[in-house]
Number of protein chains: 2
Amino acid sequence: MSLLPQPATTEIQLTEVLRALADPVRLDLVARLDRDGEETCFRLGVDTGLHKSTMSHHYRILREAGVVLTRQDGRRKYLSLRRADLEERFPGLLDSVLAAALDRTP
Amino acid sequence: MSLLPQPATTEIQLTEVLRALADPVRLDLVARLDRDGEETCFRLGVDTGLHKSTMSHHYRILREAGVVLTRQDGRRKYLSLRRADLEERFPGLLDSVLAAALDRTP
DNA sequence: CTTATTGTTGGATTGTTGTCAAACCTTCCA
DNA sequence: TGGAAGGTTTGACAACAATCCAACAATAAG
């Protein structure tokens, strides 16, 4: 049960977060993580129609931007939103993006 | 005194706004427009060190994303933030981004 | 030990983006 | 009427990004 490397809260860069969220696939992932909580890479990717390596690429972008936390347990990896860290670093940002994302994917 | 074409408020897309804001140059422009209000393209570009055609490219991205309004008066073009429209479409988003941008460019 | 599960990595491809330079277009002014 | 001022457009180019595929790695299960 280990954590994958990720930026410290103070190191999270605004433009990287915005860039991570500016892709429709990743925005959907983030919205799902917000709605359903922690999920495995497998479950996140299963009904996107995208190749698993493509999804792995997106997971990495989100993690390196500081948007998600990746926890490994056995052969599974669990992604979850870094809500508190993002709120501390950029207050209100994630909430407003998530609210805005709602009327995008009904 | 005319307006350049821009998306209607209801047509503004979240991912396009995020993409427009995810570039350091454009984020600085938006922060300046927020701080100083309406500005001409010339004044916005003069101390960026970038070519005027490059700046023109950024103005267009911001306008087509629905982030700025462009008003032409004589040979000058004035850019301003579409604050109210963005607030109506994505409540809180612009404010949180601008607040977050503050500790980026001191 | 062998096989299936759950992902990551590297390479290839295709498309997008940021930048500059040169040419152009409009509008103002002398 | 001819510049000059203020921007845009087009073309070129390098860097980056999204995607797929094949191969690999680690862990769990039989």
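Above this text you will find the structure in question.
Parameters at a glance
Residues numbered from 1 in each chain as written. Chains lettered and ligands numbered in written order. Predicted model: local features only at pLDDT ≥ 70, side-chain atom pairs only at ≥ 80, totals over all residues. Heavy atoms only, no water. 1 Å grid on protein atoms, 1.4 Å probe; cavity = no way out; pocket = protein on both sides within 12 Å on 5 of 7 lines; lining within 4 Å. Points joined across faces, edges and corners; volume = space filled by probe spheres on them. Helix = DSSP H or I, 4+ residues; strand = E, 2+ residues; numbered from the N terminus. Nonpolar A, V, L, I, M, F, W, Y, C, P; charged D, E, K, R; others polar. Near = heavy atom within 4 Å. Polar contact = N/O pair within 3.5 Å; in protein donor to acceptor, adjacent residues only side chain to side chain. Axes fitted to C-alpha atoms, helices over the stretch in contact; angles between N-to-C directions. Parallel < 35°, antiparallel > 145°, perpendicular 65-115°, else oblique. Left-handed = near helix turned anticlockwise from the far one by under 90°. Contact = heavy atoms within 4.5 Å. Phe/Tyr/Trp six-rings, centres within 6.5 Å; stacked < 30°, edge-to-face > 60°. Lys NZ or Arg CZ within 6 Å of the ring centre and 35° of its normal. Buried area = accessible area lost by both parts, 1.4 Å probe.

Caption draft 1: Seen up close, the layout of surface pockets. Size it by volume and the largest pocket reaches roughly 310 Å³. Along the walls of the largest pocket sit 15 residues, with C41, K52, M55, S56 and Y59 of chain B positioned nearest its centre. A per-element tally of the lining of the largest pocket places helix α4 (residues 52-65) of chain B first, with six residues. Looking at the lining of the largest pocket residue by residue, the classes come out as eight nonpolar, three polar and four charged. The calculated volume of the second largest pocket comes to roughly 260 Å³. Along its surface, the second largest pocket is lined by 15 residues, and C41, F42, K52, S56 and Y59 of chain A are the ones closest to its centre. Those elements that place two or more of their residues in the lining of the second largest pocket are α3 (41-45), α4 (52-65) and β4 (76-81) of chain A. The element contributing the most residues to the lining of the second largest pocket is α4 of chain A, with six residues. Across the lining of the second largest pocket, the residue classes break down as eight nonpolar, three polar and four charged.

Caption draft 2: Expanded view of the protein's contact with DNA strand C. Around DNA strand C, the surrounding shell holds 22 residues, and the nearest of these are F42, K52 and S56 of chain A together with H51 and H58 of chain B. Contact between DNA strand C and F42 of chain A: a phosphate oxygen at 2.5 Å from a main-chain N or O atom of the residue. Between a phosphate oxygen of DNA strand C and a side-chain N or O atom of T54 of chain B, the distance comes to 3.0 Å. Sorting the residues of the surface near DNA strand C by element identifies α3, α4 and β4 of chain A together with α4 of chain B as the ones contributing at least two each. By residue number, the principal contributor to the surface near DNA strand C is α4 of chain A, which donates five residues. Of the residues assigned to the surface near DNA strand C, the class counts are four nonpolar, nine polar and nine charged.

Caption draft 3: Highlighting the packing of helix α1 (residues 14-21) of chain B against α4 of chain B. Residue and element names in this part refer to chain B. As a packed pair, α1 and α4 sit with axes 9 Å apart at the nearest point and diverge in direction by 155 degrees. On the basis of the axis angle, α1 is roughly antiparallel to α4. Like other packed secondary-structure pairs, α1 and α4 cross with a definite hand, here left-handed. Contacts from E16, V17 and A20 of α1 reach α4 at I61, L62, E64 and A65.

Caption draft 4: Seen up close, the packing of aromatic side chains. One pass over the full model with this rule turns up zero aromatic pairs over all chains. Its guanidinium or amino end placed over the ring of Y78 of chain B, R71 of chain B lies 4.4 Å from that ring's centre, counting from NZ or CZ.

Caption draft 5: Region of interest: the interface of chain A and chain B. The partner chain B presents 20 residues to the 20 residues of chain A that form the contact. Summed over both partners, the interface of chain A with chain B buries about 1,400 Å², with 74% contributed by carbon and sulfur atoms. Looking at the side of chain A facing chain B, the largest losses of area belong to L14, T15 and L18 of chain A, adding up to 32% of the total buried there. Here chain A and chain B share one residue pair in polar contact (both at pLDDT 80 or more) between them. Partitioning the side of chain A that touches chain B into residue classes produces 12 nonpolar, three polar and five charged.

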